[in-house]
Amino acid sequence: MVIDTQEARHSLEKGEFSPYFQPLIVLRTGKLKGFELLARWKHPVYGWISPDDFIPAAEKNGWIDALTRELLREGFAAMAALPAELTLAVNISALQLHHVNLPERIQNLAEATGFSLGRLTIEITESALGANVENARVIANRLKALGCKLALDDFGTGYSSLSQLRCLPFDELKVDRSFVHSMTEERESRKIVAAVVGLGQSLGLITVAEGVETQEEAEMLLWLGCELGQGWLFGKPVPAAELANVVSAPRQRVSADRSASRARRVYSRSLDAQPSQRFAQLRAIYDGAPVGLAFLDTKLRYISVNRTLTEMNGVPMEDHLGRTVQEVLPALFPKVEQYIRRALSGEVVPGVEIVKPTSGPNPGTTIFVSYQPARDEAGEVVGVMISIVDVTALKDEEKKRLESEEHFRYMMELMPQIPWVIDPEGRALDVSQRWLQMTGMTDEQWRGFGWLDALHPDDRQPTIDAMNRSFRSGQSIDVEYRVRQPGSGWKCLRARGSARVGADGKIVCWYGTLEDIDEQKRYQEELEHCAVERPSISA
Ligand code: C2E
Ligand code: CA
Ligand code: CA
């Protein structure tokens, strides 16, 4: 569209140009940070004319300064009426950054309207730096001395983004909306946004994402560590008259769902330290872990390994990196391949016990391995995190313990008494196999209070009473009862036991034995019988 300079200047005088304000949001909290001022031209005949059309014309035909002055005057005045913590970002054209009196002009306008320059951010596009970088640097430093901040706009679209970034003392980096837009669908864009945010962070700059239109984009940006967001999701540009409404409008956090909590976690971490420190911290944790750790890519190549794993594998770190598991550990590979592939298909394989093959490093050792799929911001599996614990010593210990338990059990079975264990209420926890043989009970029947079923009905209540007395007093159990012997009537037993008391003084359980007192009883009865029959002998 061809814009007539005379007409444009005339429109400017008539006040057809006006500033619009688009909200900038702190992604982490959802709070309003401030606004970006965007030029609007409502032509009485042609209607709205896009700044993409009139800004280049204004720059080319020398009315950009007049336009900027008009917009800033109105913009500063409108902002002066809003809470002082709200900021204003304005766009300054390439040429203007080379005008020696730009800082003074901005300062005068601010003073005239009562707007503090500490609230102002000047957005410059990469092309704004042009050939005379030295000149631009002097002006930029003067603007900073006045309290203004500098933002590099549309980052990523120019030709020499990185070198521009070094030229001026920037405070903010604005990620161009073309990347933000395609970020949720295109991996490349996502990587560019991630890289720009990472670059910004490592240079200590605030990163601002433009053109945020969806919740999904906002969540992803937050997850990537981007600080500020701007776009239709948070609000379209509005005229000054609507500013108060925008300021008082209720705002939501970027999201309250699971990806936001994940995003918040990552974000809050990103606040604690610079990426370089964070990396050093993570590396130290990684290397110092008593667990072998490795990260494999989708082609099963080692991308990273920690020191513990290099020791476990008996292979130096440099011989791992870039090589596949099959190349590094040919003998072990057939045992682990299926788990790695399962993790690559998205499954968490939490703990697999593997005995290392007889050929290869540390033969015969037992390892406990977990496989965790690693996903990128879009949830795509990009590799597998493997953690390995050597459990050989633990296994040996367990074997020894089982053996000694076995010995003990064997010894106990040889004793004439029958050992038992009950809980503080009298439920049977363990008893010798001989109880089963004697009573004909099955393994299920004796457990809990089941053992009481073997008792003679007349002995059951007295036994319970006697045991309850011991449970209350803690005094030893000593009770006699008859148990049913399938096929051969009743057998008389004497149960004796004592309590094991825990550190808190409470009874943990009771240990005891059963003694066969059948013969003793019979003998006693016989004695008594004899005494009754021949009372005269002793007389
Ligand atoms: P910019 O500085 O990158 O401004 C952001 C542009 O993105 C604005 O377009 C804004 O309306 C648009 N935008 C904001 N949110 C979204 C979104 O969610 N989706 C999409 N698709 N677009 C969004 P606008 O207002 O048309 O301005 C275009 C460009 O014109 C600006 O790009 C800026 O470079 C330039 N411009 C605007 N006002 C001024 C000014 O006062 N002075 C100078 N020198 N340039 C200006
Ligand atoms: Ca801008
Ligand atoms: Ca921009």
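Residues numbered from 1 in each chain as written. Chains lettered and ligands numbered in written order. Predicted model: local features only at pLDDT ≥ 70, side-chain atom pairs only at ≥ 80, totals over all residues. Heavy atoms only, no water.

**Student:** Explain the overall build of the protein residue by residue, including any values.
**Tutor:** The helix and strand tally for the protein stands at 21 helices and 20 strands. In terms of overall dimensions, the protein is more spread out than a globule: its C-alpha atoms have a radius of gyration of 41 Å, far above the 24 Å expected for 539 residues. Along the three orthogonal principal directions, the C-alpha set of the protein runs to about 150 × 55 × 40 Å. In the protein, the proportion of contacts linking residues at least 24 apart, taken out of those at least 6 apart, comes to 56%. Carbon and sulfur atoms form 53% of the exposed surface of the protein, whose accessible area is close to 28,500 Å². Placing the 62 positive and 74 negative side-chain charges of the protein at their respective mean positions leaves the two points 2 Å apart. (Helix = DSSP H or I, 4+ residues; strand = E, 2+ residues; numbered from the N terminus. Rg over C-alpha atoms; globule rule 2.2 N^0.38 Å. Contact = heavy atoms within 4.5 Å. Areas by Shrake-Rupley, 256 points an atom, 1.4 Å probe, with all protein chains shown as cover. Lys, Arg positive; Asp, Glu negative; His and termini not counted. Charge placed at Lys NZ, Arg CZ, Asp CG, Glu CD.)

**Student:** I'd like to hear about the packing of aromatic side chains, residue by residue, with values.
**Tutor:** The full count for this structure, using the stated rule, is 11 aromatic pairs. When the ring of F21 is compared with that of F35, the centres are 6.3 Å apart and the planes differ by 85°; the resulting orientation is edge-to-face. Note that F21 is positioned in strand 1 (residues 17–26) and F35 in strand 2 (residues 32–43), a separation of 14 residues in sequence. A ring pair is formed by W41 and F54, whose centres lie 5.9 Å apart and whose planes are at 80°; its orientation type is edge-to-face. A residue pair is termed long-range when its members are at least 10 positions apart, and W41 in strand 2 and F54 in helix 2 (residues 51–60) qualify at 13 residues. Judged by its relative accessible area of 2%, W41 falls in the buried class. Three or more aromatic residues joined by ring pairs form one cluster here, namely F17, W41, F54 and W63. Over the aromatic face of W232 sits the side chain of K236, whose NZ or CZ is 4.3 Å from the ring centroid. (Phe/Tyr/Trp six-rings, centres within 6.5 Å; stacked < 30°, edge-to-face > 60°. Buried < 20%, exposed > 50% of the residue type's maximum accessible area, 1.4 Å probe, protein only. Lys NZ or Arg CZ within 6 Å of the ring centre and 35° of its normal.)

**Student:** I'd like a rundown of the confidence of the model for the protein, residues and numbers included.
**Tutor:** Averaged over all residues, the pLDDT of the protein equals 89, while 92% of them reach at least 70. Low pLDDT, under 50, characterises residues 262–272; the stretch is placed with 17 contacts to residues that sit more than four places away or in other chains. (pLDDT = per-residue confidence, 0-100.)

**Student:** Break down the coordination of the calcium ion (ligand 2) for me, with residues and values.
**Tutor:** With distances of 2.1 to 2.3 Å, the protein atoms coordinating the calcium ion (ligand 2) are E36 (OE), N91 (OD1), E123 (OE) and D153 (OD). When the donor residues of the calcium ion (ligand 2) are listed from N- to C-terminus, their spacing reads E-x54-N-x31-E-x29-D. Accessibility expressed as a relative area gives 4% for E36, which makes it buried. Using a relative accessible area of 2% as the deciding quantity, one classes E123 as buried. (Donors = N, O, S within 2.8 Å, 3.2 Å for Na, K, Ca; no water.)

**Student:** Explain the pairing of strand 8 (residues 206–209) to me, using residue names and the numbers behind them.
**Tutor:** When strand 7 (residues 172–175) meets strand 8, the two strands line up parallel, connected through four bridges. Counterpart to L173 in the pairing with strand 8 is T207. Inspection of the sheet shows strand 8 paired to strand 9 (residues 228–230) by two bridges, in the parallel sense. If you follow A209 over to strand 9, its bridge partner there is G229. You can see the chain leave strand 8, run along helix 9 (residues 215–224) and come back into strand 9, and the turn it takes is right-handed. (Pairing = 2+ DSSP bridges. Right-handed = clockwise from strand over helix to strand, strands pointing away.)

**Student:** Provide a residue-level description of helix 1 (residues 5–14), including the pertinent values.
**Tutor:** The complete set of buried residues in helix 1 reads A8, S11 and L12. An end-on view of helix 1 places all buried positions within 105° of arc, on one side of the element. Residues Q6, E13 and K14 are exposed on helix 1 and point more than 90 degrees away from its buried face. For helix 1, the elements touching its buried residues are strand 1, strand 2 and helix 3 (64–80). Residue D4 occupies the N-cap position of helix 1, its side-chain oxygen lying 3.4 Å from the main-chain nitrogen of Q6. After helix 1 finishes, the residue G15 shows a positive phi value of roughly 80°. (Arc of directions from axis to C-beta. Polar contact = N/O pair within 3.5 Å; in protein donor to acceptor, adjacent residues only side chain to side chain.)

**Student:** Any chance you could break down the nonpolar core for me, citing the residues and the numbers?
**Tutor:** F35, F76, L88, L120 and I122 are the most contacted members of the largest nonpolar core, which has 76 residues in total. At eight residues, helix 3 tops the list of elements feeding residues into this core. Judged by nonpolar contacts, the second largest core, of 28 residues, contains Y302, L309, I354 and I388. (Core = buried A, V, L, I, M, F, W, Y, C linked by side-chain atoms within 4.5 Å.)

**Student:** For the site of ligand 1, give the residues involved together with the corresponding values.
**Tutor:** Contacts to ligand 1 come from 21 residues, most closely from Q22, R40, R177, E213 and W232. Here Q22 contributes a side-chain N or O atom positioned 2.8 Å from a nitrogen atom of ligand 1. Taking R177, its side chain carries an N or O atom lying 2.8 Å from an oxygen atom of ligand 1. The protein chains hide 86% of the 790 Å² of surface that ligand 1 would expose on its own. Elements with a contribution of two residues or more to the shell around ligand 1: strand 2, helix 2 and strand 6 (149–155). Ranked by the residues each element gives to the shell around ligand 1, the list is headed by strand 2, at four residues. (Near = heavy atom within 4 Å.)

**Student:** Account for the environment of D430, naming residues and giving values.
**Tutor:** With respect to the helices and strands, the residue D430 is situated in strand 17 (residues 428–431). For D430, a relative accessible area of 29% puts it in the partly exposed group. Remark: the alpha-carbon pair of D430 and G448, spanning 18 residues in sequence, is separated by 9.5 Å. Dropping the residues within four chain positions of it, D430 is found in contact with R409, W420, V421 and W446.

**Student:** Can you lay out the sheet that holds strand 19 (residues 490–501) for me, pointing to particular residues and giving the numbers?
**Tutor:** Taken together, the five strands give an open sheet; going across it, the order is 17-16-20-19-18, and neighbouring strands pair in antiparallel fashion. The open sheet terminates on both sides in strands that have one partner only, identified here as strand 17 and strand 18 (477–484). Each adjacent strand pair in this sheet contributes to an overall mean axis angle of 25°, direction not counted. Here three bridges tie strand 16 (residues 418–422) to strand 17, and the two strands are oriented antiparallel to one another. Following the sheet pairing, I422 is matched in strand 17 by A428. (Axes fitted to C-alpha atoms, helices over the stretch in contact; angles between N-to-C directions.)

**Student:** Explain the coordination of the calcium ion (ligand 3) residue by residue, including any values.
**Tutor:** For the calcium ion (ligand 3), the protein coordination sphere consists of D153 (OD), D154 (OD), E210 (OE) and E210 (OE), at 2.0 to 2.5 Å. Read in sequence order, the donor residues for the calcium ion (ligand 3) give the motif D-D-x55-E. The distance between the calcium ion (ligand 3) and the calcium ion (ligand 2) comes to 3.9 Å, and D153 binds to both of them. With relative accessibility at 5%, the residue D153 sits in the buried group.

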